[in-house]
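Here is how the chains run, residue by residue.
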Amino acid sequence: MGRRPRDRDRPLTVVGAIDTDFSPQVKAVLDVGARSYQHAVKVAFEAKRRWWEQDYGIYGGISWTTRDITQMWYPSAGIHGRKGILLGAYFWLGGRGPIFSAMTPEQRAAVALADGEALFPGYRDLVHRPVSVAWKNVPFQSGAWSAWDEDTRRDAYSVLLPPDGPYWFAGEHMSHLNSWQEGAIRATHHVLERIQERVSAQRTGRD
Ligand SMILES: Cc1cc2nc3c(=O)[nH]c(=O)nc-3n(C[C@H](O)[C@H](O)[C@H](O)COP(=O)(O)OP(=O)(O)OC[C@H]3O[C@@H](n4cnc5c(N)ncnc54)[C@H](O)[C@@H]3O)c2cc1C
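The numbering scheme is per chain: residues are counted from 1 as the chain's sequence reads. Local features in a predicted model are, by the rule used here, given only for residues with pLDDT of at least 70; side-chain atom pairs are given and counted only at 80 or more, and totals for whole chains, interfaces and linings are based on all residues. Heavy atoms throughout the structure, all of them, feed into the side-chain values; hydrogens and water do not.

As recorded in an unreviewed UniProt entry, the protein chain goes by the name Amine oxidase domain-containing protein, listed as coming from Spongiactinospora gelatinilytica.

Q: I would appreciate a short explanation of the domain arrangement of the protein chain in the present structure.
A: Accessible area lost upon the coming together of the parts is a frequently used measure of interface size. For every domain, the bounds stem from an assignment made automatically or drawn from a database. The assigned domain composition of the protein chain is domain 1 (6-37 + 145-206) and domain 2 (41-137). The straight-line distance from the C-alpha centre of domain 1 to that of domain 2 is 35 Å.

Q: Help me understand the environment of Gly183, please; the structure alone is not making it clear to me.
A: Numbering goes from the N terminus for both helices and strands, where a helix is a DSSP run of H or I of at least four residues and a strand is a run of E of at least two. Mapped onto the secondary structure, Gly183 falls in helix 8 (residues 181-206). Only protein chains enter the area calculation, which uses a 1.4 Å probe; residues under 20% of their type maximum are buried, those over 50% are exposed, and those in between are partly exposed. On the basis of relative accessibility, which here comes to 0%, the residue Gly183 falls in the buried class. As for Gly183 and Gly171, which are separated by twelve residues in sequence, their C-alpha atoms are 7.3 Å apart. Two residues form a contact once any of their heavy atoms are found within 4.5 Å. In this structure Gly183 touches Gly171, Glu172, Ser175 and Leu177, once residues within four positions along its chain are discounted.

Q: So what exactly am I meant to see when it comes to the layout of surface pockets here?
A: Empty space among the atoms becomes visible once a probe the size of a water molecule is rolled across them. Note on definitions: the grid is 1 Å and covers protein atoms alone; a cavity is a set of points where a 1.4 Å probe fits but cannot get out; a pocket is an open set with protein on both sides within 12 Å along at least five of seven lines; lining residues have an atom within 4 Å of a point. Grid points are joined across faces, edges and corners, and a volume is the space filled by probe spheres set on the points. One number sums up the size of the largest pocket: a volume of about 490 Å³. Along its surface, the largest pocket is lined by 18 residues, and Ala144, Trp145, Ser179, Trp180 and Gln181 are the ones closest to its centre. Ranked by residues supplied to the lining of the largest pocket, first place goes to helix 8 with three residues. We call Asp, Glu, Lys and Arg charged. Ala, Val, Leu, Ile, Met, Phe, Trp, Tyr, Cys and Pro are nonpolar, and the rest, Gly among them, are polar. In the lining of the largest pocket, the residues fall into eleven nonpolar, five polar and two charged. Structurally, the lining of the largest pocket is a two-domain feature, drawing no fewer than three residues from each of domain 1 (6-37 + 145-206) and domain 2 (41-137).

Q: How do you make sense of unusual backbone geometry when you look at a structure like this?
A: The general pattern is negative phi for most residues beyond glycine and trans for most peptide bonds. Residue Phe140 is not a glycine yet carries a positive backbone phi of 65°. Within the fold, Phe140 resides in the loop between strand 6 (127-134) and helix 7 (150-160). Of note in this structure, Ser142 is not a glycine but carries a positive phi near 55°. With respect to the helices and strands, the residue Ser142 is situated in the loop between strand 6 and helix 7.

Q: Explain a nonpolar patch on the surface here, please?
A: The patch calculation keeps residues exceeding 30% relative accessible area without a salt bridge and links them within 9 Å when they carry like charges or within 5 Å when they are nonpolar (Val, Leu, Ile, Met, Phe, Trp, Tyr). The protein chains shown are the only cover counted for residues, whose accessible areas, like all others here, come from Shrake-Rupley with a 1.4 Å probe. Salt bridges, as used here, are contacts in which a Lys or Arg side-chain nitrogen is within 4 Å of a carboxyl oxygen on Asp or Glu. A cluster of nonpolar side chains, namely Ile62, Trp64, Trp73 and Leu93, defines an oily patch on the protein surface of about 410 Å² accessible area. Within the secondary structure layout, Trp64 lies in strand 3 (residues 61-64). Using a relative accessible area of 58% as the deciding quantity, one classes Trp64 as exposed.

Q: Could you clarify how one ought to interpret the side chain of Arg153 in this entry?
A: With respect to the secondary-structure elements, Arg153 resides in helix 7. No salt bridge forms around the buried Arg153; measuring N to O, its nearest opposite-charge neighbour Glu172 is 7.7 Å away. Nitrogen and oxygen atoms within 3.5 Å of one another constitute a polar contact, given that in protein one can donate a hydrogen and the other can accept it, and given that sequence-neighbouring residues count only through two side-chain atoms. In this structure the side chain of Arg153 is engaged in a polar contact, spanning 3.2 Å, whose partner is the backbone oxygen of Ser175. With sequence-adjacent residues up to four places away left out, Arg153 is seen in contact with Trp148, Ser158, Ser175, His176 and Asn178. Note that His is not counted, nor are the chain ends; the positive residues are Lys and Arg, and the negative ones are Asp and Glu.

Q: Hey, could you run me through the packing of helix 2 (residues 24-35) against helix 7 in this one?
A: Axis angle and axis distance: for two packed helices, these are the angle between their axes and the distance between the axes, and together they describe the pair. Taken N-terminus to C-terminus, the directions of helix 2 and helix 7 make an angle of 130°; their axes are 9 Å apart at the nearest point. Judged on the interaxial angle alone, helix 7 and helix 2 are oblique. Here helix 2 and helix 7 pass one another in a crossing that is left-handed. For the pair helix 2 and helix 7, the contacting residues are Gln25, Val26, Val29, Leu30 and Val32 in the first and Thr152, Asp155, Ala156, Val159 and Leu160 in the second. Looking at the contact of helix 2 with helix 7 residue by residue, the classes come out as seven nonpolar, two polar and one charged. Axis angles are defined between N-to-C directions and span 0 to 180 degrees, where every axis is a line fitted to C-alpha atoms and, for a helix, only to the segment in contact. Working rule for angles: under 35 degrees goes down as roughly parallel, over 145 as roughly antiparallel, 65 to 115 as roughly perpendicular, anything else as oblique. By convention, the crossing between two helices is left-handed when the near helix turns anticlockwise from the far helix through less than a right angle, and right-handed when the turn is clockwise.

Q: Hey, could you run me through the nonpolar core in this one?
A: General note: in soluble globular proteins, nonpolar side chains tend to be found buried as a group. The biggest cluster of nonpolar side chains holds 21 residues, and the ones touching the most others in it are Trp51, Leu86 and Tyr123. Mapped by element, the contributors of at least two residues to this core are strand 2 (41-47), helix 3 (51-54), strand 4 (71-74), strand 5 (84-91), helix 5 (105-119), helix 6 (123-126) and strand 6. Here the element with the most residues in this core is strand 2; it accounts for four residues. Discounting residues that sit within four places of it in the chain, Leu86 has contacts with Val43, Ala44, Phe45, Trp51, Trp52, Met72, Trp73, Tyr74, Pro75, Tyr123 and Val127. As used in this record, nonpolar core signifies buried Ala, Val, Leu, Ile, Met, Phe, Trp, Tyr and Cys residues forming a set joined through side-chain atoms within 4.5 Å.

Below, the structure is given as structure tokens:
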């Protein structure tokens, strides 16, 4: 029985660590792809009241700052509700991803509170219950998104594009729209179409 095509939509950070029978060429570049991953960290707070709406007239959207928190996101749902969840920090630019990934949740929250205070005096008393996620530390994820540069796209990404026997690589890391869902979907549709073509050709050959 022939080997059936398989679509491998798993982050390269994870695939490279699995014991596989991929070809030596593919194995050699998986690590290059894994090392290309960016790291991102978010911190969210609960607010007992929606002070950004009530006191500042802010309804959804994002504040960009030059501070470490980089961004603050206001919820676009639950407008005029009783409470709300605010994204208090999104660390990824300027090499902040690895730095904040290495911190404890308490340390990240402390930075987010201090920076938020600069935007909104009294912020410390307006938010509580911080939660943070560092994608580098999430099991089976180990990174936020791939970021091929010119060299790695030419030397590694190109090796992962064609099938390796029955295996196809699909997902965000196999796209040119890295860090976007659209890239993941487009790259996966591309692979599914190629698998469909291959299976159809095999069926036609048998008939
Ligand atoms: C912080 C952050 C913010 C983002 N913001 C946006 C945004 O605003 N807009 C946008 O469009 N995109 C955004 N993205 C990107 C978007 O989330 C990704 O492009 C998309 O989720 C990638 O889809 P995927 O199917 O390729 O991979 P994933 O969604 O990562 O799916 C891979 C799956 O494989 C699973 N897996 C891992 N190992 C194994 C294993 N051994 N066996 C079985 N399963 C396994 C994982 O658990 C995971 O569920 C963001 C990403 C991050 C990290």
